[in-house]
Amino acid sequence: MFSVDVSVTATPLANMDVDLLIVPVCEDHVAARLEELASEWGDPVRSAAQDFDGSADAAVLLYAQSARAKRLALVGMGPSGKAGPDELRRAAAAGEGLAAKCGAVTVGLALPTTGMEDASCAAQALVEGYMLSAYRFARYKTAPGKKEVSALERIVVHTGGRDTEEVSVGAERGRILAEAVATARDLVNISPDEKSATAFSGMIADLGKEHGFSTEVWDKTRIEREGMGGLLAVNRGSQEPPTFTIMTWKPDHAESEPPVVLVGKGVMFDTGGLSLKPTHNSMDHMKADMAGAAAVVGAMSALARLNFPRHVVGLVPATDNRPGEDAYVPGDVIRMHSGKTVEVLNTDAEGRMILADALSYASGYAPSLVIELSTLTGAQVVALGSEVAAVMTNDRPDSEARLHAMEEAGRRTGDLVHRMPMYAHYGELLKSEVADIQNISNRREAGSITAAKFLEHFTNYPWIHIDLAGPSFLKHVLPWRPKGGTGFGVRLLVEFLHAYDPA
Ligand code: BES
Ligand code: MN
Ligand code: ZN
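Residues numbered from 1 in each chain as written. Chains lettered and ligands numbered in written order. Predicted model: local features only at pLDDT ≥ 70, side-chain atom pairs only at ≥ 80, totals over all residues. Heavy atoms only, no water.

S.K.: Help me understand the nonpolar core, please; the structure alone is not making it clear to me.
M.R.: Side chains of nonpolar character tend, in soluble globular proteins, to be buried together. Judged by nonpolar contacts, the single largest core of 97 residues is most densely connected at Tyr 130, Leu 262 and Ile 371. When residues of this core are assigned to domains, at least three map to each of domain 1 (5–159) and domain 2 (186–499). For Tyr 130, the residues in contact, after removing those within four places along its chain, are Ile 22, Ala 92, Gly 95, Glu 96, Ala 99, Val 107, Leu 109, Leu 152 and Ile 155. Listed in part, the 44 residues of the second largest apolar core include Trp 218, Leu 376, Leu 430 and Ile 437. (Core = buried A, V, L, I, M, F, W, Y, C linked by side-chain atoms within 4.5 Å. Buried < 20%, exposed > 50% of the residue type's maximum accessible area, 1.4 Å probe, protein only. Domains from an automatic or database assignment. Contact = heavy atoms within 4.5 Å.)

What follows is the structure, encoded as structure tokens:
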């Protein structure tokens, strides 16, 4: 497990005894800030001014003899007027890049003395940015090198003269969230041969025990008894049985409260089934087709550890999608959990089949809201790329406010989402000749929206759909996000729920 000791100090900066001290500086305060630092670190800081302008992503490393921290990293935040959590996360991540190069074991993070009013929020962003950037996945490296493991053991956050209690709360929140994101990344990065639905459910149960949410895992017999025809149909081509995992977080005082239900797509590996995917740039990334489930599991872990004050349930329908000899075929008509019938025209549109059952099962909770996350469509990547997920909602009172709240949570966390429309005419593309609906549109256009329109058939409560096909798994690094699983959605969900008022 990725875990780091995080503490807070109000000692003078010069007294910080760390391998590297990271100091974020706003563009318009470079001169003043460097002059302050020069009183302890001396001329090296003055010389650094030549190479450091405080712009976003600017970073310099300097060495001095005078102060206790022998290395100092200046990292830029851009103009102070625009400096927010995202700038701080990026600055901390740039500092981590320098720390990794010098193998720093202990690191100091100085809260900026200008910009970012909210001390707790600033501390959270610094710790998150640093830890998210320090994440490594070395499970399968037999001789991990310096690049594959992080030397990091301890982070000390310097208050910069702000309220120590507030800084501590934010730093702790940042640590818990970054660890939950690391959990989600690990789950995505784990090799598919270790990730049968049963093994994955076992991992969820272990995380529940570790972090304090309860879990129930249904096996194939129970899934049959519940009539989850979509999940069973997708599973038919597989050697491994499906599972359905229910996670519950219910604080005592929330006994009778309708829950928020989180649903995550748990396709352990998506070959496409008989509608087989090509390997290159397609099937070769499909171990990540459970990233929605990973986000839900990460969020449940964080909510439990943060002692979140409301009732939350997580649901994960899980199976792989394979072309085994008993595989479901194009033309099959499936009776779903809700009782509706679906004509399967493409077995690669499997996510919606298993999610439909989870969504109709969710209605039994009379939920105040269901948020469902899935790596649902390649069309999402085409439309929005790999940094922004698509968000849609059904037409219910307050749907506008819900989309807005999710987009705002996205901006605060850097897990960006952008809305797509759900006009009724998109749904007409799913009319079937033989069944109630078909699982794909006959046209390629607007693929993310028709997928969401399919899912909408199985909801009868306020529902937010997030298609994170692009941002859940990267083939190139981004600030604070590595290649591979990103843990997208974990912090987004927690941030959204934090601000969410069911009334
Ligand atoms: N898991 C894929 C979607 C996906 C694509 C996720 C790329 C991540 C990256 C999903 O099950 C799928 O295969 N969708 C099809 C739907 C089509 C058959 C209507 C797609 O997007 O091509
Ligand atoms: Mn598919
Ligand atoms: Zn899929």
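S.K.: Help me out: how do you make sense of the packing of helix α12 (residues 399–413) against helix α15 (residues 490–499) in this one?
M.R.: The axes of two packed helices give the description: the angle between them and the distance between them. Relative to each other, α12 and α15 sit at 125 degrees, their axes nearing to 9 Å. One finds that α12 runs oblique with respect to α15. In terms of crossing hand, the pair formed by α12 and α15 is right-handed. Here Arg 402, Ala 405, Met 406, Ala 409, Gly 410, Arg 412 and Thr 413 of α12 lie close against α15, whose contacting residues are Arg 491, Leu 492, Glu 495, Phe 496 and Ala 499. (Axes fitted to C-alpha atoms, helices over the stretch in contact; angles between N-to-C directions. Helix = DSSP H or I, 4+ residues; strand = E, 2+ residues; numbered from the N terminus. Parallel < 35°, antiparallel > 145°, perpendicular 65-115°, else oblique. Left-handed = near helix turned anticlockwise from the far one by under 90°.)

S.K.: In this structure, what is going on with the coordination of the zinc ion (ligand 3)? I would like to understand it.
M.R.: At the metal site, the zinc ion (ligand 3) is ligated by Lys 265 (NZ), Asp 270 (OD), Asp 289 (OD) and Glu 350 (OE), and these contacts range over 2.0 to 2.4 Å. Taken together, the 6 donor atoms coordinating the zinc ion (ligand 3) and their angles of 77 to 172 degrees define a geometry best described as octahedral. In this structure, the zinc ion (ligand 3) lies 3.2 Å away from the manganese ion (ligand 2), the two metals sharing Asp 270 as a donor. Linking Asp 270 in strand β10 (residues 266–270) with Asp 289 in the loop between β10 and α9 (291–305), this pair joins segments that are 19 residues apart in sequence. (Donors = N, O, S within 2.8 Å, 3.2 Å for Na, K, Ca; no water. Tetrahedral: all angles 85-135°; square planar, octahedral: opposite > 155°, others 65-115°.)

S.K.: Is there a simple way to explain the layout of surface pockets in this structure?
M.R.: The probe, sized like a water molecule, is rolled over the atoms to show the empty space still left. In this structure, the largest pocket spans a volume of roughly 1,100 Å³. Put simply, the parts of the chain that give the lining of the largest pocket at least two residues each are α10 (351–362), α11 (378–384), α14 (447–456) and β19 (473–474). With 4 residues, the single largest contributor to the lining of the largest pocket is α11. Taken as a whole, the second largest pocket spans an internal volume of roughly 780 Å³. For the lining of the second largest pocket, the secondary structure elements donating two or more residues are α3 (85–101), α4 (119–134) and α5 (164–189). The leading source of residues in the lining of the second largest pocket is α3, at 5 residues. Looking at side-chain class alone, the lining of the second largest pocket contains 11 nonpolar, 4 polar and 10 charged residues. Counting residues domain by domain, the lining of the second largest pocket receives three or more from each of domain 1 (5–159) and domain 2 (186–499). (1 Å grid on protein atoms, 1.4 Å probe; cavity = no way out; pocket = protein on both sides within 12 Å on 5 of 7 lines; lining within 4 Å. Points joined across faces, edges and corners; volume = space filled by probe spheres on them. Nonpolar A, V, L, I, M, F, W, Y, C, P; charged D, E, K, R; others polar.)

S.K.: Is there a simple way to explain the sheet that holds strand β17 (residues 437–438) in this structure?
M.R.: Sheets are built from strands paired through backbone hydrogen bonds, the pairs being either parallel or antiparallel. The mixed open sheet is built from 3 strands, whose spatial order is β12-β13-β17. Each of the sheet's edge strands pairs with one partner strand only, and the pair in question is β12 (333–335) and β17. Sheet topology note: the β12/strand β13 (residues 341–343) ladder contains 3 bridges and is antiparallel. Pairing of Ile 334 across the sheet is with Val 342, part of β13. (Pairing = 2+ DSSP bridges.)

S.K.: Where do I start with the site of ligand 1 in this structure?
M.R.: Surrounding ligand 1, one finds 15 residues, the nearest of these being Lys 277, Asp 289, Asp 348, Glu 350 and Gly 378. Between ligand 1 and Asp 270, the relevant distance is 2.9 Å, taken from an oxygen atom to a side-chain nitrogen or oxygen of the residue. Expressed as a share of its isolated accessible area of 520 Å², the protein-covered part of ligand 1 is 74%. Placement of ligand 1 is best described as lying within the largest pocket. Looking at the shell around ligand 1 residue by residue, the classes come out as 4 nonpolar, 4 polar and 7 charged. (Near = heavy atom within 4 Å. Polar contact = N/O pair within 3.5 Å; in protein donor to acceptor, adjacent residues only side chain to side chain. Areas by Shrake-Rupley, 256 points an atom, 1.4 Å probe, with all protein chains shown as cover. Sits in = over half its atoms within 2 Å of the grid points.)

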